[in-house]
Protein chains: 2
Amino acid sequence: MSSLTRDIESYIRELFEEAQEHQLSLRRKELAERFGCVPSQINYVLASRFTPERGYLVESQRGGHGYIRIMKIRFANAEERISHLDDLVGNAIGEQDARRLLTSLQERGLLTPRERLLIEVSLRYLDEICRTPFDVSPYKRDVMQAELLKRMIRGLVLA
Amino acid sequence: MSSLTRDIESYIRELFEEAQEHQLSLRRKELAERFGCVPSQINYVLASRFTPERGYLVESQRGGHGYIRIMKIRFANAEERISHLDDLVGNAIGEQDARRLLTSLQERGLLTPRERLLIEVSLRYLDEICRTPFDVSPYKRDVMQAELLKRMIRGLVLA
DNA sequence: ATCCATATGGTCAAAATACGTCAAGAAACG
DNA sequence: CGTTTCTTGACGTATTTTGACCATATGGAT
């Protein structure tokens, strides 16, 4: 049940909590040694867990005194937040991706479990009627799902 | 009278009771082996029994260290309230009636403003697509709205 | 100033692992 | 006896882990 990637992710999150900062710096090699893995494993963790989609940006520098800096994304206003979230949803989104996004939003505290449940119910129903009474193509279904999802998210941000 | 699906469903419910947690993790392959069935049978059980409409959310991850996580959002036994609310929604509900009902639920503290917003956004979108791409009759639109509303309410108002 | 040794981090792809989708046929139901 | 629900299996996709090889920054030597 535990995995290297998840362990490293947890460790980095702990560092964030301890630091109480919106950004922190790491040494790739050091971190890899701490977890007894190859350095590129760290890149994998960053690429899969500390993405803009999950609210993070990563910068790095090579060479002597190299570093990896992870930053939490901050928004100046609701509009920025909305456009960020709109981008995450995109023009079309499938069931799996939608669920993943909702998971991430819940983890970020932007959504309560009940709100997430409401969203999932409505997405499912939309998908269902698109299939059965109407016969919408898979891609069009994803476009419609994306539209509904974006509207709900926009509403929540402004609420 | 017993069936594979029901057996697996019962088993998962037992796990919830034992764990006394609102969420639990499974391995699809393991579970399939325990019940001597193909792994996709597990997907069927999840898709038909642990839906958001029934108060559950399911997350999963593929690949190494993959898992299936089931979360119980719904609060225990509130069947009476479900049927009561179903009656309130009825077979078909128009925009005006729907709004009245939501107002009442919100006033009774069964719904937060954000949750209500989500419901209204999705109902409005449903209505919109029923008119424009598809050309659903007014009555049918009301039926579909009622159905979506009922599903959302069933999913979460229970406590 | 330039070169180069050293110290970092980056990319990519293969292999292993685990879950998802879909549709056809069987079974149960009313 | 038609409809819904269940079961199965073939095929598809996603994630993790590792390692070989690539790119870049720094600082001291020339």
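Model, not experiment: these values are computed from the prediction.

Q: When you look at the sheet that holds strand 3 (residues 67–72) of chain B in this model, what are you seeing that I'm missing?
A: Remark on secondary structure: sheet strands pair via backbone hydrogen bonds, oriented parallel or antiparallel. All names here are of chain B. Spatially, the three strands line up as an open sheet ordered 1-3-2, and their pairing is antiparallel. Each edge of the open sheet is held by one strand with a lone partner, namely strand 1 (23–26) and strand 2 (56–61). When strand polarity is set aside, the average angle formed by the axes of neighbouring strands in this sheet is 20°.

Q: What is the right way to look at the protein's contact with DNA strand C in this model?
A: Close contacts around DNA strand C come from 28 residues, with A:Asn43, A:Ser60, A:Arg62, B:Asn43 and B:Gly63 the closest. Counting only the atoms of DNA strand C that lie within 4 Å of the protein, the sugar and phosphate share comes to 64%. Contact between DNA strand C and B:Asn43: a phosphate oxygen at 2.7 Å from a side-chain N or O atom of the residue. Interatomic distance of 3.0 Å between a side-chain N/O atom of B:Ser60 and a phosphate oxygen of DNA strand C. Taken together, the residues of the surface near DNA strand C sort by class into four nonpolar, 16 polar and eight charged.

Q: Help me understand the packing of aromatic side chains, please; the structure alone is not making it clear to me.
A: Here the distance between the centres and the angle between the planes together describe a pair of aromatic rings. A full pass over the atoms with the stated rule returns seven aromatic pairs over all chains. Ring centres of A:Phe16 and A:Tyr56 lie 5.7 Å apart, and the angle between their planes is 40°; on these two criteria the pair is classed as tilted. With A:Phe16 in helix 1 (residues 4–19) and A:Tyr56 in strand 2 (residues 56–61), this residue pair connects regions lying 40 residues apart in the sequence. A:Tyr56 carries the same exposure label as A:Phe16, and that label is buried. Seen from their ring centres, B:Tyr11 and B:Phe35 are 5.6 Å apart, and the 70° between their planes marks the pair as edge-to-face. Within this pair, whereas B:Tyr11 is found in helix 1 (residues 4–19), its partner B:Phe35 is found in the loop between helix 2 (28–34) and helix 3 (40–49), the two being separated by 24 residues in sequence. On the basis of relative accessibility, which here comes to 23%, the residue B:Phe35 falls in the partly exposed class. In textbook terms, an aromatic cluster arises when at least three aromatic residues are bridged by ring pairs, as seen for A:Phe16, A:Phe50 and A:Tyr56. Above the plane of the ring of B:Phe16 lies B:Lys72, whose end atom (NZ or CZ) is 5.4 Å from the centre.

Q: Is there a simple way to think about the sheet that holds strand 3 (residues 67–72) of chain A in this case?
A: All names here are of chain A. Pairing is antiparallel in the open sheet, where three strands are placed in the order 1-3-2. Bordering the open sheet on either side are strand 1 (23–26) and strand 2, each of which pairs with just one other strand. The average undirected angle you get between the axes of adjacent strands in this sheet is 20°. Relative to strand 3, strand 1 is paired through four bridges, and the arrangement is antiparallel. Counted as the bridge partner of Gln-23 is Met-71 from strand 3. Helix 1 rests against strand 1, strand 2 and strand 3 of the sheet, and its axis sits at about 130° to strand 1.

Q: Would you take a moment to explain the nonpolar core for this structure?
A: Across soluble globular proteins, you tend to see nonpolar side chains buried next to one another. In this structure, A:Ile119 and A:Leu149 are the most contacted members of the largest nonpolar core, which totals 46 residues. Those elements that provide at least two residues to this core are helix 4 (78–89), helix 5 (95–107), helix 6 (113–131) and helix 7 (138–158) of chain A together with helix 5 (95–107), helix 6 (113–131) and helix 7 (138–156) of chain B. Not counting residues up to four positions away in its chain, the partners in contact with A:Ile119 are A:Leu102, A:Leu111, A:Leu149, A:Met152, A:Leu156 and B:Leu118.

Q: What am I meant to see in the packing of helix 7 of chain A against helix 6 of chain B here?
A: For any two helices packed against each other, one specifies the inter-axial angle together with the distance between the axes. Between helix 7 of chain A and helix 6 of chain B, whose axes approach to 9 Å, the crossing angle comes to 145°. At the point where helix 7 of chain A passes helix 6 of chain B, the crossing takes the right-handed sense. Residue-level contacts link A:Met144, A:Glu147, A:Leu148, A:Arg151, A:Met152, A:Gly155 and A:Leu156 of helix 7 of chain A to B:Arg114, B:Leu117, B:Leu118, B:Val121, B:Ser122, B:Tyr125, B:Glu128 and B:Ile129 of helix 6 of chain B. Per-class residue counts for the contact of helix 7 of chain A with helix 6 of chain B are nine nonpolar, two polar and four charged.

Q: Any chance you could explain the interface of chain A and chain B here in plain terms?
A: One frequent convention defines the size of an interface as the accessible area lost when the parts assemble. Every contact between the two is made by 36 residues of chain A and, on the other side, 39 residues of chain B. Here chain A packs against chain B, burying approximately 3600 Å² in sum over the two surfaces, 65% of which is carbon and sulfur. Inspection of the region where chain A meets chain B yields six salt bridges. The partner of A:Arg124 in a salt bridge is B:Glu53, and the shortest N-O contact between them spans 3.0 Å. The tally of links from chain A across to chain B stands at 15 residue pairs in polar contact (both at pLDDT 80 or more). At 15 residues, helix 6 of chain A tops the list of elements feeding residues into the side of chain A that touches chain B.

Q: Would you mind going over helix 3 (residues 40–49) of chain A with me for this structure?
A: An α-helical turn contains 3.6 residues, so any two residues separated by three or four positions project in the same direction. Every buried residue of helix 3 of chain A is accounted for by A:Gln41, A:Ile42, A:Val45, A:Leu46, A:Ser48 and A:Arg49. Check the buried side of helix 3 of chain A and you find it contacts helix 1, helix 2 (28–34), strand 2 and strand 3 of chain A together with strand 2 of chain B.

Q: Please explain helix 1 of chain B as it appears in this structure.
A: Residues and elements named next belong to chain B. Taking 1.5 Å of rise per residue, 16 residues should cover 22 Å, and helix 1 covers 23 Å from first to last C-alpha, within 8% of that figure. Residues Thr-5, Ile-8, Glu-9, Tyr-11, Ile-12 and Phe-16 constitute the buried set of helix 1. Along the axis of helix 1, the buried residues cluster in a sector spanning 160°; they form a single face. Turned more than 90 degrees away from the buried face of helix 1, the exposed residues are Glu-17 and Glu-18. Elements in contact with the buried residues of helix 1: strand 1, helix 2, helix 3, strand 2 and strand 3. Where helix 1 terminates, the next one or two residues include Gln-20, which has phi positive at roughly 55°.

Cut-off values and rules
Residues numbered from 1 in each chain as written. Chains lettered and ligands numbered in written order. Predicted model: local features only at pLDDT ≥ 70, side-chain atom pairs only at ≥ 80, totals over all residues. Heavy atoms only, no water. Pairing = 2+ DSSP bridges. Helix = DSSP H or I, 4+ residues; strand = E, 2+ residues; numbered from the N terminus. Axes fitted to C-alpha atoms, helices over the stretch in contact; angles between N-to-C directions. Near = heavy atom within 4 Å. Polar contact = N/O pair within 3.5 Å; in protein donor to acceptor, adjacent residues only side chain to side chain. Nonpolar A, V, L, I, M, F, W, Y, C, P; charged D, E, K, R; others polar. Phe/Tyr/Trp six-rings, centres within 6.5 Å; stacked < 30°, edge-to-face > 60°. Buried < 20%, exposed > 50% of the residue type's maximum accessible area, 1.4 Å probe, protein only. Lys NZ or Arg CZ within 6 Å of the ring centre and 35° of its normal. Contact = heavy atoms within 4.5 Å. Core = buried A, V, L, I, M, F, W, Y, C linked by side-chain atoms within 4.5 Å. Left-handed = near helix turned anticlockwise from the far one by under 90°. Buried area = accessible area lost by both parts, 1.4 Å probe. Salt bridge = Lys/Arg side-chain N within 4 Å of Asp/Glu carboxyl O. Expected span 1.5 Å × (residues − 1). Arc of directions from axis to C-beta.

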